[in-house]
Structure formats: structure tokens, C-alpha cells
Amino acid sequence: MADFLLAAAGFVLATVAVGLVRILWGPGDDDRIMAAQLLGTSGIAVLLLLGQAMSVPAAVDVALILALLAAFVTVAFVKGAARSEADRA
């Protein structure tokens, strides 16, 4: 079972590589924040998979903290985008 979890973590890391490409060459800020959300979600998934495969319960705590931080980043981005729209008008 641990081999399957490690393979799944490897697959998720491959999607992270695709997300990094999207962040670097994304056409707009919206695309970049969505790719950053993909990285955050993928990082959480990798931590949970590796924590289960290697029997490290602390990885779950770290994954929960990352999930909380990702939510704050999204809220900050939306507020910043709304503020910049108001400044343009």
C-alpha cells in the first residue's frame, strides 16, 4: 500500500511541475493565482500521502496549516483585486 501512496504522491508532484510552468508564463494574474492554489492543494495532498505512507502523523498537522494559509492567500488576492478595480474606476 505504501508503494501506491508514494506513486500517487509522485503523480501529484508532476501536476505541481505543470502548475509552476503556468505561474511563470501565465497570461494574467488570475491564472497565476489559480496555479498557486493548485500548488497549495497539491502540496497538501503530497503531505497527506507521504505522511500516511511513511507513518508520520505530524504531516497531517502541517497539511492543515498549509490549507489554512492557502485560504488566507486567496482572500487577500480577491481583496487586492477588488481594490485595484476600484482605483481604476
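How each quantity is defined
- Residues numbered from 1 in each chain as written.
- Predicted model: local features only at pLDDT ≥ 70, side-chain atom pairs only at ≥ 80, totals over all residues.
- Heavy atoms only, no water.
- Helix = DSSP H or I, 4+ residues; strand = E, 2+ residues; numbered from the N terminus.
- Expected span 1.5 Å × (residues − 1).
- Buried < 20%, exposed > 50% of the residue type's maximum accessible area, 1.4 Å probe, protein only.
- Contact = heavy atoms within 4.5 Å.
- Core = buried A, V, L, I, M, F, W, Y, C linked by side-chain atoms within 4.5 Å.
- pLDDT = per-residue confidence, 0-100.

## Overview of helix H1 (residues 2-25)
Working step 1: The end-to-end C-alpha distance of H1 is 35 Å, a good match for the 34 Å that 24 residues give at a rise of 1.5 Å each.
Working step 2: Among all positions in H1, only Leu5, Ala9, Val12, Val16 and Gly19 are buried.
Working step 3: Check the buried side of H1 and you find it contacts helix H2 (29-53).

## Looking at the nonpolar core
Working step 1: By size, the foremost hydrophobic cluster in this structure holds six residues: Leu5, Ala9, Val12, Val46, Leu49 and Ala53.
Working step 2: Once you skip the residues sitting within four places of it in the chain, Leu49 turns out to touch Leu5, Ala8, Ala9 and Val12.

## Topic: the confidence of the model for the chain
Working step 1: A residue-level look at the chain finds 99% of positions with pLDDT of 70 or above and a mean pLDDT of 85.
Working step 2: For the chain, per-element mean pLDDT is lowest for helix H3 (residues 58-88), which scores 84, and highest for H1, which scores 87.

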